[in-house]
Amino acid sequence: MTATILDGTVISQRMRAEIAQDAARFEQQYGYPPALGVVLVGDDPASEQYVRMKRRACEQAGIRSIPHLLPTDSTQEQVEAAVKSLNDDPSVHGILVQLPVPPHIDEEAVLRLIDISKDSDGVHPLNIGLLAMKGREPLFVSATPSGCLVLLKEAGAVLPGANAVVVGRSNIVGLPVSLLLMKENATVTICHSRTRDLPDYLRNADIVVVAMNRPNYIKGEWLKPGAVVIDVGTSKIDDPTDSRGYRWVGDVDFDSAVKVAGAITKVPGGVGPMTITMLLANTMKAAWRLAGKATL
Ligand code: NAP
């Protein structure tokens, strides 16, 4: 068997075209564009690259991007002041704090400051708490986990009653993906670094979402034939055969997994583009919610 490839780039292109139309409608109605404020602290090359990609995607969709680029040695007060100024600016609808922030910054305090109605990255503890509660809905679900759900639905995965295994329990990916799958009535098992015999859990999994940051770790022979596999992992590994000397890989050993899975994402070109797309979608949701109330 060879798995269907879930192409996040193609799905994203379709969704971003719809988002661009929505942004144009918004601007026509209100006379100003939807806007996303971005706070980046420091000069980590990967974070700078993510912020550049998000800015480009915003521009292409007709969403104004408002960067606050702060030096690495910024104080807690300076970072918090950037978030507060975006909170207070009625022309800003969504706020993204690019993570991780430098170690001397209290990340939780910064995220807690974001106005929940502008939390288009879904990282405010209240939004994550609402996601965890039965019968409650968060205002926003963070972009990578909601991108995973879109990919699963595009794969035609039947989630109610499915055995879903999530590998990784981080606040930004593993935990919220698990909560989303539970909301969709899957039976969810969360595996982590202390899990004994990971292959044993994967053998019974109809759905597998992997976010562990261990390049090529999950082998095809561990998977249930026909499983739908979403690989969030993104690691740069040396590759002398590539003209750049490196390439990006996921946490799933794609070459062996593609022979066993029913559907699978690639790295790059799977979850990555979906993350940016869902951030744009959340920003539009925030813009429509807030615009009616704003006075510019
Ligand atoms: P993280 O905070 O480092 O969390 C990794 C998780 O994997 C932890 O829960 C850890 O368990 C678990 N883990 C590590 N080794 C394991 C093992 N041998 N067996 C089972 N579980 C293991 O990472 P993250 O922030 O969630 O990111 C995960 C990956 O996704 C990274 O490669 C990151 O670059 C990528 N990512 C991609 C996107 C995108 O848009 N494409 C977005 C976000 C992240 P413990 O909790 O026990 O330590």
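Residues numbered from 1 in each chain as written. Predicted model: local features only at pLDDT ≥ 70, side-chain atom pairs only at ≥ 80, totals over all residues. Heavy atoms only, no water.

Considering the nonpolar core
Our working rule: The criterion is simple. A nonpolar core is a set of buried Ala, Val, Leu, Ile, Met, Phe, Trp, Tyr and Cys residues joined through side-chain atoms within 4.5 Å. Exposed residues in this analysis have more than 50% of their type's maximum accessible area, buried residues have under 20%, and partly exposed residues fall in between, with area computed by a 1.4 Å probe over protein chains only. Each helix is a run of DSSP H or I of at least 4 residues and each strand a run of E of at least 2, with the numbering of both proceeding from the N terminus. Contacts were defined at the residue level, with two residues in contact if any of their heavy atoms lie within 4.5 Å.
Ranked by internal contacts, the top residues of the largest apolar core, which has 51 residues, are I63, L152, L181, I207, V209 and I230. Per-element tally for this core: the top contributor is helix α10 (residues 271-291), with 9 residues. Not counting residues up to four positions away in its chain, the partners in contact with L152 are A157, L159, L181, I207, V228 and I230. Of all hydrophobic cores here, the second largest spans 21 residues; its members include V165, V167, L202 and I218.

A look at helix α2 (residues 45-61)
We apply this condition: Under the convention used throughout, the expected extent of a helix is 1.5 Å for every residue step, that is, one less than its residue count. Throughout, the arc means the angular range of directions from the helix axis out to the C-beta atoms.
Spanning 17 residues, α2 covers 24 Å between terminal C-alpha atoms, matching the ideal 24 Å at 1.5 Å per step. All of the buried residues in α2 are S47, V51, K54, A57, C58 and A61. Taken around the axis of α2, the buried residues stretch over an arc of 125°, which confines them to a single face. For α2, the exposed residues set more than 90 degrees away from the buried face come down to P45, E59 and Q60.

Structural notes on the environment of V158
For V158, the location among the structural elements is in the loop between α6 (143-154) and β5 (163-167). Between the alpha carbons of V158 and E184 there is a distance of 9.4 Å; along the sequence they are 26 residues apart.

Structural notes on unusual backbone geometry
Residues L99 and P100 are joined by a peptide bond in cis, for which omega reads 0°. Its place among the elements puts P100 in the loop between β4 (94-97) and α4 (107-113). V267 connects to P268 through a cis peptide bond whose omega is -5°. In this fold, P268 is placed in the loop between β11 (263-265) and α10. Unlike most non-glycine residues, N216 shows phi in positive territory, near 55°. Classification of N216 by relative accessible area gives partly exposed; the value is 23%.

Read these as spatial facts, not as claims about activity.
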